[in-house]
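Each chain, written out:
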Amino acid sequence: MTTNKDADWKAIEDRYEASTYARYPVVFERGEGIYLFDTDGKRYTDLYGGHCVAILGHSPKPVTDAIHRQAGQLMFYSNVVYNPARARASERLVEMAPDGFDRVFFCNSGTEANENAIKIAWKITGRTKLVSTLGGWHGRTLASLSVTHAPKLREPFQFALPDVSFVTFGDASALREHLITNPDTAAFILEPIQSINGCNTAADDYFRQVRSICDEFGVILIFDEIQTGVGRTGAFSYCEHTGMKPDLITLAKSLGSGFPIGAVLMPERIGSQLVHGDLGSTFAGGMLASAACEATLKEIADNNLIERAPLIYDALSAALKDSPVTLSGKGCLIGLKLPVESRPVVRELFSRGWITGTSDVANVMRIMPPIITPTEIITEFAKELNDVLSS
Ligand SMILES: Cc1ncc(COP(=O)(O)O)c(C=O)c1O
């Protein structure tokens, strides 16, 4: 570990990097499980999971060991060759995915997973129109940004993909009405829990209706599970809660415990229509990413960690039962609706050593705790939150 307290890391980053991120005034140097440590050695409890990424906590040993081993063996070769690490990652991912998702396309991030899912939908349907949801969030590259509702992000680049519409999340009839007048639609993309939009959920029946509407109009249904996937909500894929299956599932964030990786899961009937050259990327399915992915999935499976997700939600719910806070979301993707604006609360919690996050809904804060978080820590957090709210 290298610590140079004299160097002003903040000033260096501010000086040399494009200023596209708002940052907390903190320098994290080390992570261990649910904790992060700044350069002064102050400990923070990370209930934000490095932005919904650190599902196993920070620097989990089985994953760092796998990366070290793989780095010493073969760090990288592209997809023009076969490789055991990629083979193991794809096999394990398909084994853990819901039945019928028999094929995977690896990529490097969430936005790329959505870009590739959109390309697949265009290819399969021969159509170009896309539908997304009001409040939906899918990424920053051009196709994913075009289906991201957030006007402040999308509008400066709104000419990227012109054939995009937005319908109300949770309202199946709004989707049907839209498709009646736009039957030439390729895909409907949605997050099963709208995270940035305040951990907004919808009834299981909504998803079943969406499924049958997409079937009726021949529209590819894309579940953006970049936040909900890999067990975070108490099932590997959110669709397992709903009694329906989308056509494509996109994953990233938790999939490599922090090592960049994304994936599109698809059934054979779609996979078999893709041919050499349809999709591709130099780094996709790289050896280190594959090793991190396989180790992450193995750790989750071997320790039945998916079962922990609802325990964490229930612990928070119980600890806040007498408070004015109401919860939304599922498992380890939780919105907390506060009686006040969330931003100052998140800031105060941060100064007390708790990392949480805001959302696009002013009074909803979010936590995406690692799935390994002890329930006692969740109870302790609830006490701290109540204390902040009452002060
Ligand atoms: C639901 C959802 N989809 C897509 C993305 C984009 O993922 P990435 O930042 O890895 O490109 C995000 C990122 O926050 C997300 O939350």
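See the structure printed just above.
Model, not experiment: these values are computed from the prediction. (Residues numbered from 1 in each chain as written. Predicted model: local features only at pLDDT ≥ 70, side-chain atom pairs only at ≥ 80, totals over all residues. Heavy atoms only, no water.)

**Looking at the overall build of the chain**
Here comes step 1: The number of helices and strands found in the chain is 15 helices and 14 strands.
Here comes step 2: Seen through its principal axes, the chain has C-alpha atoms that stretch 55 × 50 × 45 Å.
Here comes step 3: Looking at the chain as a whole, 52% of its 391 residues qualify as buried.
Here comes step 4: Put simply, of all contacts in the chain between residues at least 6 apart along the chain, 70% involve residues at least 24 apart.
Here comes step 5: When the accessible surface of the chain is totalled, it reaches about 17600 Å², and 52% of it is carbon and sulfur.
Here comes step 6: Looking at charge distribution, the chain has the averaged site of its 37 positive side-chain charges lying 1 Å from that of its 46 negative ones. (Helix = DSSP H or I, 4+ residues; strand = E, 2+ residues; numbered from the N terminus. Buried < 20%, exposed > 50% of the residue type's maximum accessible area, 1.4 Å probe, protein only. Contact = heavy atoms within 4.5 Å. Areas by Shrake-Rupley, 256 points an atom, 1.4 Å probe, with all protein chains shown as cover. Lys, Arg positive; Asp, Glu negative; His and termini not counted. Charge placed at Lys NZ, Arg CZ, Asp CG, Glu CD.)

**Here we look at helix 13 (residues 308-319)**
Here comes step 1: The end-to-end C-alpha distance of helix 13, which contains 12 residues, comes to 17 Å, matching closely the 16 Å that a straight helix rising 1.5 Å per residue would cover.
Here comes step 2: Residues of helix 13 that are buried: Ala309, Ile312, Tyr313, Ala315 and Leu316. Down the axis of helix 13, the buried set is contained in an arc of 160 degrees. They therefore lie on one face.
Here comes step 3: Close packing links the buried residues of helix 13 with strand 11 (326-330), strand 12 (333-337), strand 14 (364-367) and helix 15 (375-390). (Expected span 1.5 Å × (residues − 1). Arc of directions from axis to C-beta.)

**With respect to the sheet that holds strand 2 (residues 35-38)**
Here comes step 1: Across the sheet, four strands lie side by side as 1-2-3-13; this open sheet has mixed pairing. Edge strands, defined here as strands with exactly one partner in the open sheet, are strand 1 (28-32) and strand 13 (354-355). (Pairing = 2+ DSSP bridges.)

**A closer look at the nonpolar core**
Here comes step 1: Counting residues in hydrophobic clusters, the biggest one holds 90 residues, and the most contacted among them are Phe188, Leu336, Phe381 and Leu385.
Here comes step 2: Here the element with the most residues in this core is helix 12 (residues 287-302); it accounts for eight residues.
Here comes step 3: Excluding residues within four positions of it along the chain, Leu336 makes contact with Leu316, Leu320, Val325, Thr326, Leu327, Asn363, Val364, Met365, Arg366, Ile367, Phe381 and Leu385. (Core = buried A, V, L, I, M, F, W, Y, C linked by side-chain atoms within 4.5 Å.)

**Notes on the site of the ligand**
Here comes step 1: Every residue close to the ligand is listed here: Ser109, Gly110, Thr111, Asn114, Trp137, His138, Gly139, Glu191, Asp224, Ile226, Gln227 and Lys253.
Here comes step 2: At a separation of 3.4 Å, a nitrogen atom of the ligand approaches a polar backbone atom of Trp137.
Here comes step 3: Take the shell around the ligand: its biggest share by element is three residues, from helix 5 (residues 110-125).
Here comes step 4: In terms of residue class, the shell around the ligand is built from two nonpolar, seven polar and three charged. (Near = heavy atom within 4 Å. Polar contact = N/O pair within 3.5 Å; in protein donor to acceptor, adjacent residues only side chain to side chain. Nonpolar A, V, L, I, M, F, W, Y, C, P; charged D, E, K, R; others polar.)

**Concerning the sheet that holds strand 12**
Strand pairing within a sheet occurs via backbone hydrogen bonds; the two strands may be parallel or antiparallel.
Here comes step 1: The strand order across the open sheet built from three strands is 11-12-14, with neighbouring strands paired in antiparallel fashion. For this open sheet the edge positions go to strand 11 and strand 14, each flanked by a neighbour on one side alone. With strand direction ignored, the average angle separating the axes of adjacent strands in the sheet is 25 degrees.
Here comes step 2: With four bridges joining them, strand 12 and strand 14 adopt antiparallel strand pairing. For Gly335, the partnering residue across the bridge sits in strand 14 and is Arg366. (Axes fitted to C-alpha atoms, helices over the stretch in contact; angles between N-to-C directions.)

**Points about the environment of Asp322**
Here comes step 1: The topology assignment puts Asp322 in the loop between helix 13 and strand 11.
Here comes step 2: Distance from Asp322 to Asn386, taken between C-alpha atoms, is 9.7 Å for residues 64 residues apart in sequence.

**Things to note about the packing of helix 13 against helix 15**
Each pair of packed helices can be summarised by the angle the axes make with each other and by the distance between the axes.
Here comes step 1: It is the contact of helix 13 with helix 15, at a shortest axis distance of 9 Å, that shows an interaxial angle of 30 degrees. With respect to their mutual orientation, helix 13 and helix 15 come out roughly parallel. You can see that helix 13 and helix 15 cross each other, and the crossing is right-handed. Along its contact with helix 13, which presents Arg308, Leu311, Ile312, Ala315, Leu316 and Ala319, the element helix 15 presents Thr375, Ile378, Thr379, Phe381, Ala382 and Asn386.
Here comes step 2: Grouping the constituent residues of the contact of helix 13 with helix 15 by class yields eight nonpolar, three polar and one charged. (Parallel < 35°, antiparallel > 145°, perpendicular 65-115°, else oblique. Left-handed = near helix turned anticlockwise from the far one by under 90°.)

**Points about the pattern of salt bridges**
Here comes step 1: Counted under the stated rule, the structure contains 20 salt bridges.
Here comes step 2: Between Asp278 and Lys123 there is a salt bridge; the shortest N-O distance is 2.7 Å. In this pair, Asp278 is assigned in the loop between helix 11 (268-271) and helix 12 and Lys123 in helix 5, connecting sequence segments 155 residues apart.
Here comes step 3: A single network of salt bridges, built from pairs that share partners, joins Arg211, Asp215, Asp247 and Arg269. (Salt bridge = Lys/Arg side-chain N within 4 Å of Asp/Glu carboxyl O.)

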